[in-house]
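Breakdown of the fold
So the chains spell out like this:
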Amino acid sequence: MNPFILSAYHSPKYFCDRKNELKQLMSAVENNRNVVLSSLRRMGKTGLIKHLEFNLKDNHNIVFVYFDIMTTSSMNDFIKLLVDSVFKIQKNEKDSLYKSFVNLFGLFKPSFSVNPISGETKFNIELSEKKETETSLSAIMDYISNHKKKFVIAIDEFQQIANYPEKNAEEILRSKIQFMNNAVFIFSGSSRDILKSMFSDKGRPFYQSSEFLYLKSINHIEYSEFIADQFSNSRTKISSEEINNILEITNAHTFYVQNLCNRLYAENFKVITQAEINETFGKIISENSYYFENIKHLLTDLQWKLLKAIAMEGKATGINSNYFISKYKLGSVSSVNTALQSLMKKELIYKENDCYLIYDLLFSKWLTTI
Ligand SMILES: Nc1ncnc2c1ncn2[C@@H]1O[C@H](COP(=O)(O)OP(=O)(O)OP(=O)(O)O)[C@@H](O)[C@H]1O
Ligand SMILES: [Mg+2]
């Protein structure tokens, strides 16, 4: 098996570090604190949540519920997914739990369907009426509150609730969550700004209700040891210098490190030198070039030029200075500012300590080659 995992999680053996982050999450679970987990895309939020789940799996007093609300578009979708995830977890007790749930609240239209091939029974819940959204949410939350066990409920891509048509989605949710003594919530997402204002703006329902955990890139030393370890079980030799080069070229951004190492491992090289690293990384970039070229059609000429300028700089500062504008022949300050805002909104770039960077590292490298 290739030890460099590209899907969210396998087991601790293939998971690098995150010891402090795991400790913080374990402590939050133990002490009933909710957590907002955020990071740049593909830094490892979902992996960390799954790692936490793995580490809690022997604790029979805990029910771990994970769901990703990226594809939901209303509170109703949210509740359906929550109910589905809660009951999926409780597979063995499903029938009796389901019965007591329906008897108690009588709000859901339950149905069973049987898969004719596997014989597996599928349990479906349909919410009765839209107007009952709040009551339905109360029902599932009360069900959880009345459970003997502690629930850890991880909601991935949580910023999505800001897009629901219900203006009071945060309020409804917060009002139900705040009185639950046996549930710890992990709100995870990559829109740091949206999550930050959701949880730290005074007027917002979730204000100061959770602690923050911002996931940075994995420590170089830890990642180096991990990579060396994984290669030590193969025929491929790789020096610590080359491992360092992998971390440099990928900015130690988890997904890019994993992807590059996965490819290098799969090639079954005898020795990995800088040449193999560059060639393999180049292949990964060019495989994505069709997608990158398409981005150009979605942007104005100035936005594209600015994107290229930022890529050339790597970390761009003073974008609206005369120096930057004339270096890259960008035109007027006001149009550069407008283009900058638009690139931020499209999540093609992000800001870190007064520097602007291209979100997708591969895209950034590709832009410098065209
Ligand atoms: N600590 C880790 N060690 C090894 N691989 C990891 C680690 N954390 C995450 N990964 C891998 O890195 C990739 C990205 O991780 P993950 O999907 O968890 O990121 P994410 O922050 O949830 O991304 P997104 O913002 O797109 O949801 C995955 O392939 C995952 O397997
Ligand atoms: Mg994720």
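Because the structure is predicted, anything quoted here is derived from the model rather than measured.

Helix and strand counts for the protein come out as 16 helices and eleven strands. A total of 370 residues make up the protein; the buried ones form 48% of that total. The contacts of the protein with a sequence gap of at least 6 include a subset with a gap of at least 24, amounting to 71%. Summed over its atoms, the accessible surface of the protein is roughly 19100 Å², and 49% of this surface lies on carbon and sulfur atoms.

Moving on, we come to the packing of aromatic side chains. In the structure shown here, the tally under the stated rule is 25 aromatic pairs. With a centroid separation of 5.4 Å and 65° between ring planes, the pair formed by Phe187 and Phe206 is classed as edge-to-face. Pair noted here: Phe187 is in strand β6 (residues 183-189) and Phe206 is in the loop between α7 (192-200) and β7 (210-214), with a separation of 19 residues, a long-range link. By relative accessible area, which is 1% here, Phe206 ends up buried. Ring centres of Tyr291 and Phe292 lie 5.6 Å apart, and the angle between their planes is 50°; this geometry places the pair in the tilted category. According to the relative accessible area criterion, Tyr291 is partly exposed, its value standing at 49%. On the basis of relative accessible area, Phe292 is assigned to the buried category, the value being 1%. Through successive ring pairs, a cluster of aromatic residues spans Phe4, Tyr223, Phe226, Phe231 and Tyr265. The aromatic ring of Phe255 is capped on one face by Arg42, whose charged end is 4.1 Å from the ring centroid. Above the face of the Phe54 ring, Lys57 is positioned so that its terminal group lies 4.4 Å from the ring centre.

The contact between helix α8 (residues 220-232) and helix α10 (residues 254-267) brings their axes to 12 Å, and the two run at 20°. Relative to α10, the element α8 lies roughly parallel. In the crossing of α8 with α10, the sense of the turn from one axis to the other is right-handed. Where α8 approaches α10, its residues Tyr223, Phe226, Ile227, Gln230 and Phe231 are matched on the opposing element by Thr254, Val257, Gln258, Cys261, Leu264 and Tyr265.

A few words now on the nonpolar core. Counting 54 residues, the largest nonpolar core has Ile227, Leu306, Leu307, Ile310, Ile319 and Phe363 as the members making the most contacts within it. Here this core gets seven residues from one element, more than from any other, and that element is helix α13 (residues 301-313). Taken domain by domain, the makeup of this core includes at least three residues from each of domain 2 (220-287) and domain 3 (289-367). Filtering out sequence-adjacent residues up to four positions away, Phe363 remains in contact with Phe292, Ile295, Trp304, Leu307, Leu348 and Ile358. Ranked by size, the runner-up nonpolar core spans 35 residues in total, among them Ile144, Ala169, Met180 and Met198.

The rules we used
- Residues numbered from 1 in each chain as written.
- Chains lettered and ligands numbered in written order.
- Predicted model: local features only at pLDDT ≥ 70, side-chain atom pairs only at ≥ 80, totals over all residues.
- Heavy atoms only, no water.
- Helix = DSSP H or I, 4+ residues; strand = E, 2+ residues; numbered from the N terminus.
- Buried < 20%, exposed > 50% of the residue type's maximum accessible area, 1.4 Å probe, protein only.
- Contact = heavy atoms within 4.5 Å.
- Areas by Shrake-Rupley, 256 points an atom, 1.4 Å probe, with all protein chains shown as cover.
- Phe/Tyr/Trp six-rings, centres within 6.5 Å; stacked < 30°, edge-to-face > 60°.
- Lys NZ or Arg CZ within 6 Å of the ring centre and 35° of its normal.
- Axes fitted to C-alpha atoms, helices over the stretch in contact; angles between N-to-C directions.
- Parallel < 35°, antiparallel > 145°, perpendicular 65-115°, else oblique.
- Left-handed = near helix turned anticlockwise from the far one by under 90°.
- Core = buried A, V, L, I, M, F, W, Y, C linked by side-chain atoms within 4.5 Å.
- Domains from an automatic or database assignment.

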